[in-house]
Amino acid sequence: FIFKFLTITKYMYLIIETLTTANSKVLNIPIQELKINPKLIQIVWLLYDSNKALIDEKNYTIRHNDFTLPFEFSKIYNITTELANAIGNDLSVVLRELSIVIDKSEYIITHNLDVEKILCAEFTKMNIVHNFSSKQRINTVDATINLCDISIDYKGELPELAILYKTLFKEEIENKHNIYIDSKAIAKCFFELVNRNIVNISNNYNKYLWHNIEIF
């Protein structure tokens, strides 16, 4: 009975946020060179229905038996190698669950394309089939570029989630180094962008929808 219920469930919005050991330089290298780095350390996804109601959420720490987290990384994000090994989940199991969720979702929302690059690389390394590229993907960082005066206030750099959040709600995100809180902030920002008609998901084509972009 549970299996039948899961197979017919359809989600509208899938919000994904990740924590990795990556940096911008790593993200620009070919997928073939991502065999070692970056490492996916934590992933959060939130599922919303067409009424924007939260119906499910997952928060997984990933276990890497052959990898030691850098000291500075652990200091910032409060995740040590020992903790990850103790409470962490097998990456292949998490990715297979995510692949199923992606199949059942209409829109995938992230703050930037780095999340998609990392996940597609991990799917490839694990030889797990996914339909990421066939979905409509909404990238809120591009909406931020037009909404925030980054040329003056942020020196022309791509705005971080904290900048978008502060621009929309005139307040700071509570904890900038917690991706569960970040995922909630992404969802809140996304729905606010929709409410303000900055992102219009009713159109067949919108410049914030990345359904025609192939990452890999």
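In this text, all values refer to a predicted model and were calculated from it rather than measured experimentally. (Residues numbered from 1 in each chain as written. Predicted model: local features only at pLDDT ≥ 70, side-chain atom pairs only at ≥ 80, totals over all residues. Heavy atoms only, no water.)

Trainee: Even after reading the chapter, I still don't get the overall build of the chain, so can you show me in this structure?
Mentor: When its secondary structure is counted, the chain shows 10 helices and five strands. The contacts in the chain between residues at least 6 apart in sequence include a share of 69% that link residues at least 24 apart. Of the roughly 11700 Å² of accessible surface on the chain, a fraction of 51% belongs to carbon and sulfur atoms. (Helix = DSSP H or I, 4+ residues; strand = E, 2+ residues; numbered from the N terminus. Contact = heavy atoms within 4.5 Å. Areas by Shrake-Rupley, 256 points an atom, 1.4 Å probe, with all protein chains shown as cover.)

Trainee: How should I be thinking about the sheet that holds strand S5 (residues 136-139) in this particular structure?
Mentor: To summarise the sheet geometry, strands pair through backbone hydrogen bonds and adopt either a parallel or an antiparallel arrangement. Across the sheet, which stays open at both edges, the five strands sit in the order S3-S2-S1-S4-S5 with mixed pairing between neighbours. Each edge of the sheet is formed by a strand with only one pairing partner; in this case those strands are strand S3 (54-61) and S5. This sheet shows a mean twist of 20 degrees between the axes of neighbouring strands, independent of strand direction. Both strand S1 (residues 11-20) and strand S2 (residues 40-48) contribute to a ladder of eight bridges, which runs antiparallel. Opposite Leu14, over in S2, you have Leu47 as the bridge partner. Helix H5 (residues 91-103) rests against S1, S2, S3 and strand S4 (105-110) of the sheet, and its axis sits at about 25 degrees to S2. Running at roughly 80 degrees to S1, helix H6 (residues 113-125) makes contact with S1, S2, S4 and S5 of the sheet. (Pairing = 2+ DSSP bridges. Axes fitted to C-alpha atoms, helices over the stretch in contact; angles between N-to-C directions.)

Trainee: Which parts of the structure should I look at to understand helix H9 (residues 161-169)?
Mentor: Quick reminder: α-helices carry 3.6 residues per turn. Residues three or four places apart thus point the same way. Extensive coverage of H9 is indicated by the burial of seven of its nine residues. When H9 is considered as a whole, its buried residues turn out to be Leu161, Ala162, Ile163, Leu164, Tyr165, Leu168 and Phe169. A positive phi of about 60 degrees marks Lys170, the residue just after H9. (Buried < 20%, exposed > 50% of the residue type's maximum accessible area, 1.4 Å probe, protein only.)

Trainee: Before we go on, may I ask you to explain the pattern of salt bridges in this structure?
Mentor: Scanning the model with the defined rule gives seven salt bridges in all. Two residues, Glu122 and Lys125, come together in a salt bridge whose shortest N-O distance is 3.3 Å. Within this pair, Glu122 and its partner Lys125 are both found in helix H6, separated by three residues, close to a single helical turn. Judged by its relative accessible area of 3%, Glu122 falls in the buried class. Residues Lys188 and Glu171 are paired through a salt bridge, measuring 3.8 Å at the closest nitrogen-oxygen approach. Pair noted here: Lys188 is in helix H10 (residues 179-195) and Glu171 is in the loop between H9 and H10, with a separation of 17 residues, a long-range link. The exposure class assigned to Glu171 is partly exposed, which follows from its relative accessible area of 38%. (Salt bridge = Lys/Arg side-chain N within 4 Å of Asp/Glu carboxyl O.)

Trainee: Sorry, what's going on with unusual backbone geometry here?
Mentor: Note on backbone geometry: most residues besides glycine have negative phi, and most peptide bonds are trans. Positive phi values are uncommon outside glycine, yet Asn127 reaches one of about 55 degrees. Look at Asn197: it is not a glycine, yet its phi comes out positive at around 60 degrees.

Taken by themselves, the reported measurements are silent on function.
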